[in-house]
Amino acid sequence: MPMLRRLARYLGHRSWFARAGRVLVPLDRTVAKLTKGRVVALGLIPTLIITTTGKKSGLPRTQPLAYARDGDHYVVIGSNWGQQSHPAWSANLLANPDAVVTLGGREIPVRGELATGEQRERLLKLLLEVWPAYTTYQQRASNRVIRVFSLIPR
């Protein structure tokens, strides 16, 4: 594993890293848009862009997310950096499960399914291999169960 990736995985558990990440997400979203999804999160971890339909606005909403693979499905988590509230994109996906994933410049229509029970635990293990700091984020967000979704290509 490249040194920069190892460093990011180590620093991901620090509270200042989450604060910095929240500030940098809009910049990451812009870079991803300009590169048509080819450059996201500086390539430090596997990242896709999800476009959901706004629950209230009905408008397209994009968000870069780390992901893991589960066969041909994409697995994402609504960690929201360990904040006490769920991220908006996850509420959007619950309200309208049809979304689009942009990965490597390719757009893939998907349907989001909220994972529960044993499936959630299995998928969470896949995500922890990608970004171990999710355990820290769950501790910070102790008042809520972090949502895990399987994004199934349509």
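Above this text sits the structure in question.
Residues numbered from 1 in each chain as written. Predicted model: local features only at pLDDT ≥ 70, side-chain atom pairs only at ≥ 80, totals over all residues. Heavy atoms only, no water.

Structural notes on the nonpolar core
Note that soluble globular proteins tend to have their nonpolar side chains buried in a common cluster. For clarity, the threshold we go by: The term nonpolar core refers to a set of buried residues drawn from Ala, Val, Leu, Ile, Met, Phe, Trp, Tyr and Cys, joined through side-chain atoms within 4.5 Å. Each residue gets one of three labels from its accessible area relative to the maximum for its type: buried under 20%, exposed over 50%, partly exposed in between, using a 1.4 Å probe on protein chains only. Note on definitions: a residue-residue contact is assigned when non-hydrogen atoms from the two residues lie within 4.5 Å.
Within the largest apolar cluster, 17 residues are counted, with the highest numbers of intra-cluster contacts made by Val 75, Ile 77, Leu 127, Trp 131, Tyr 134, Tyr 137 and Val 148. Residues within four places of Leu 127 in sequence aside, it is in contact with Tyr 67, Ala 68, Val 75, Val 76, Ile 77, Tyr 134 and Val 148. Counting residues in hydrophobic clusters, the runner-up holds 15 residues, among them Leu 48, Leu 93, Leu 103 and Leu 151.

Points about the pattern of salt bridges
When charged atoms on two side chains of opposite charge get close, those side chains can pair. Heads up, the rule is: Take a side-chain nitrogen of Lys or Arg and a carboxyl oxygen of Asp or Glu: if they are within 4 Å of each other, that pair is a salt bridge. Strands are runs of DSSP state E lasting at least 2 residues, helices are runs of H or I lasting at least 4, and numbering of each runs from the N terminus.
Scanning the model with the defined rule gives four salt bridges in all. With its nearest N and O atoms 2.9 Å apart, the salt bridge here joins Arg 122 to Asp 70. On the criterion of sequence distance, the pair formed by Arg 122 in helix α4 (residues 117–130) and Asp 70 in strand β3 (residues 68–70) is long-range, its members being 52 residues apart. Arg 120 is paired through a salt bridge with Glu 121; the nearest N and O atoms lie 3.3 Å apart.

A look at the packing of aromatic side chains
One pair of aromatic rings is described through two measures. These are the centre distance and the angle between the planes. Spelled out, the test is: Classification of ring pairs uses Phe, Tyr and Trp, with its six-membered ring standing for Trp, and accepts pairs whose centres are within 6.5 Å; under 30 degrees between planes counts as stacked, over 60 as edge-to-face, and the remaining range as tilted.
The full count for this structure, using the stated rule, is four aromatic pairs. Here Tyr 67 and Tyr 74 contribute two aromatic rings whose centre-to-centre distance is 5.8 Å and whose plane-to-plane angle is 70 degrees, an arrangement assigned as edge-to-face. The exposure class assigned to Tyr 67 is buried, which follows from its relative accessible area of 13%. Here the aromatic rings of Trp 81 and Tyr 137 are separated by 6.0 Å at their centres, their planes lie at 55 degrees, and the arrangement is tilted. Within this pair, whereas Trp 81 is found in the loop between β4 (73–77) and α3 (88–95), its partner Tyr 137 is found in helix α5 (residues 134–140), the two being separated by 56 residues in sequence. On the basis of relative accessible area, Tyr 137 is assigned to the buried category, the value being 1%.

Here's the deal with the sheet that holds strand β6 (residues 106–114)
For clarity, the threshold we go by: In this description, strands pair whenever DSSP reports at least two bridges between them. Only the contacting stretch of a helix is used when fitting its axis, a line to C-alpha atoms as for every element, and angles between N-to-C directions run 0 to 180 degrees.
In space, the seven strands of this open sheet follow the order β2-β1-β5-β6-β7-β4-β3, with antiparallel pairing throughout. Each having just a single partner strand, β2 (60–66) and β3 make up the two edges of the open sheet. Looking at each pair of strands side by side, their axes are set apart by 35 degrees on average, direction ignored. Of the pairings in the sheet, the one linking strand β1 (residues 47–53) to strand β5 (residues 98–103) comprises three bridges and is antiparallel in character. Within the sheet, the bridge partner assigned to Ile 50 lies in β5 and is Val 101.

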